[in-house]
Amino acid sequence: MTYVLPATTTAPDVPPLKRLDPRLRIVAAVTFAIATVALQSLLLLCIALLAAIALMLAAKLPPVQTIKRVIAMDTFIIAMIFFLPFTMDGTPMFSVFGFAASYEGLIRAVEIALTANAIVMAMLALVGSMEEVTFGQALYALKTPAKLVHLLLFTVRYIEVLRQEYQRLRQAMKCRGFRPGTNGHTYRSFGYLIGMMLIRALERSERIMDAMKCRGFTGSLPMTQRFHFQASDLAFPCIFTLFLTALIVKEYVL
């Protein structure tokens, strides 16, 4: 398996956030997520959300694609946010069909929404803007188990191959006049589709393994990138640490 190393991050047109050491960006993303989850104040959560938006602007992420990704995440928590006021005890505000919505439940739902959006936006800015291979090799440099790193790199490399295989099978079903519906034939056809996907994935994995062994694969992938913490990387962790520390102190001390 051949990787093409990304272009240098010192080019003038590269956003400053993307010039940071990838290891630093991963640690910052994890630290931000832990600190944000520990917050409960709506004001502090709004500040964390604004900080995440600032990171997205600093990373110069594509606005449309980024918004779509955030909305895709929000669809998973909309149902929980909607039902939480009706399932949590507290001061009733209004009722729907005899079910009372509590003020405490509404506040908790807003907390969850702010926390989730802040973390996702920060992850997209710090980690999502990173090349997949760079991300994997940065994890390895952070002493992540090599097997997990290899699994990540293989998944990134071949998940698109499996998607294309699925599209070919679906196209073949359409050419044979298949139209999905709520009947036994549809369920059986999709069962055959999943089974064929598993069989083809297994066959492809065996071919890939044979090809890699022929090229001298010994169970480990070469980690060719070397990361160096530069003096220009020092300002970001200092400011970021002070910001997160201030949020935690404001939440639990002041």
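Note that the structure is a prediction, hence the values are computed from the model and not measured.

Reading the values: rules and limits
- Residues numbered from 1 in each chain as written.
- Predicted model: local features only at pLDDT ≥ 70, side-chain atom pairs only at ≥ 80, totals over all residues.
- Heavy atoms only, no water.
- Axes fitted to C-alpha atoms, helices over the stretch in contact; angles between N-to-C directions.
- Helix = DSSP H or I, 4+ residues; strand = E, 2+ residues; numbered from the N terminus.
- Parallel < 35°, antiparallel > 145°, perpendicular 65-115°, else oblique.
- Contact = heavy atoms within 4.5 Å.
- Nonpolar A, V, L, I, M, F, W, Y, C, P; charged D, E, K, R; others polar.
- Salt bridge = Lys/Arg side-chain N within 4 Å of Asp/Glu carboxyl O.
- Buried < 20%, exposed > 50% of the residue type's maximum accessible area, 1.4 Å probe, protein only.
- Core = buried A, V, L, I, M, F, W, Y, C linked by side-chain atoms within 4.5 Å.
- Polar contact = N/O pair within 3.5 Å; in protein donor to acceptor, adjacent residues only side chain to side chain.
- Lys, Arg positive; Asp, Glu negative; His and termini not counted.
- Pairing = 2+ DSSP bridges.
- Phe/Tyr/Trp six-rings, centres within 6.5 Å; stacked < 30°, edge-to-face > 60°.
- Lys NZ or Arg CZ within 6 Å of the ring centre and 35° of its normal.

Student: I'd love a proper account of the packing of helix 1 (residues 22-37) against helix 4 (residues 103-128), names of residues and values included.
Tutor: Interhelical geometry of helix 1 versus helix 4 gives an angle of 175 degrees and a closest axis separation of 9 Å. Taken as axis vectors, helix 1 and helix 4 run roughly antiparallel relative to one another. Of helix 4, the residues touching helix 1 (which contributes R25, I26, A28, A29, V30, F32, A33, T36 and V37) are T115, A118, I119, A122, M123, A125, L126 and V127. Across the contact of helix 1 with helix 4, the residue classes tally to 14 nonpolar, two polar and one charged.

Student: Requested: an account of the pattern of salt bridges, with residues and values cited.
Tutor: Counting across every chain of the model gives six salt bridges. Here R108 ties to E111 by a salt bridge, and the two come within 3.5 Å at their closest N and O atoms. Placement of the pair is R108 and E111 together in helix 4, with a separation of three residues, close to one helical turn. Salt-bridge contacts for R163 lead to E160; the nearest nitrogen and oxygen are separated by 2.8 Å. A residue pair is termed a helical-turn pair when its members lie 3 or 4 positions apart in one helix, as R163 and E160 do in helix 6 (residues 146-175) at three residues. By relative accessible area, which is 34% here, E160 ends up partly exposed. The network of salt bridges with common partners includes E165, R168, R200 and R204.

Student: Kindly report on the nonpolar core, identifying the contributing residues and their values.
Tutor: Grouped together as the largest cluster of nonpolar side chains are 30 residues, with contacts concentrated most on L17, F32, L55, A125, L126, F236 and F240. With residues up to four places along the chain from it excluded, the contact list for L17 reads R25, L55, A58, A59, A125, L126 and F236. Listed in part, the seven residues of the second largest apolar core include I26, A138, L139 and L153.

Student: Could you give me a rundown of the side chain of T36, with the residues and numbers involved?
Tutor: Inspection of the secondary structure puts T36 in helix 1. The class for T36 is buried, based on a relative accessible area of 1%. With near-sequence residues (within four places) excluded, T36 lies in contact with L45, A48, T115, A118 and I119.

Student: Before we move on, can you summarise the environment of N183 with the specific residues and values?
Tutor: Structurally, N183 is set in the loop between helix 6 and helix 7 (184-214). Separated by 32 residues in the primary sequence, N183 and L151 have C-alpha atoms spaced 38 Å apart. Separated by 2.8 Å, the side chain of N183 and the backbone nitrogen of T186 make a polar contact.

Student: Can you explain the side chain of R170? Please cite residues and give values.
Tutor: As for its placement among the helices and strands, R170 is situated in helix 6. For the buried residue R170, which engages in no salt bridge, the nearest side chain bearing the opposite charge is E165, 13 Å off.

Student: An account of the pairing of strand 2 (residues 99-102) is needed here, citing residue identities and associated values.
Tutor: Here is the key point about a regular strand: its side chains alternate between the two faces of the sheet. Relative to strand 2, strand 1 (residues 92-96) runs antiparallel, the two sharing four bridges. Looking at strand 2, one finds that S95 is bridged to A100. Hairpin connection of strand 1 to strand 2: two residues between the antiparallel strands, including F97 at a positive phi of 55 degrees.

Student: Requested: an account of the packing of aromatic side chains, with residues and values cited.
Tutor: When we look at a pair of aromatic rings, we describe it by the centre distance and by the angle of the planes. Per the stated rule, a full pass over the model turns up four aromatic pairs. With 6.4 Å between their ring centres and 15 degrees between their planes, F154 and Y158 make a pair best called stacked. Here the residue F154 and the residue Y158 both occupy positions in helix 6, the gap between them amounting to four residues, near one helical turn. Taking the relative accessible area as the measure of exposure, Y158 reaches 19% and is therefore buried. It is R157 that lies over the ring of Y158; its NZ or CZ is 4.7 Å from the centre.

Student: Quick one: what's the story with the packing of helix 1 against helix 8 (residues 235-252), residue by residue and with numbers?
Tutor: Relative to each other, helix 1 and helix 8 sit at 5 degrees, their axes nearing to 11 Å. By the angle class used here, helix 1 and helix 8 are roughly parallel. Here helix 1 contributes L24, A28, T31, F32 and A35 to the contact with helix 8, which in turn contributes F236, P237, F240, F243, L244 and I248. When its residues are assigned to classes, the contact of helix 1 with helix 8 shows ten nonpolar, one polar and no charged.

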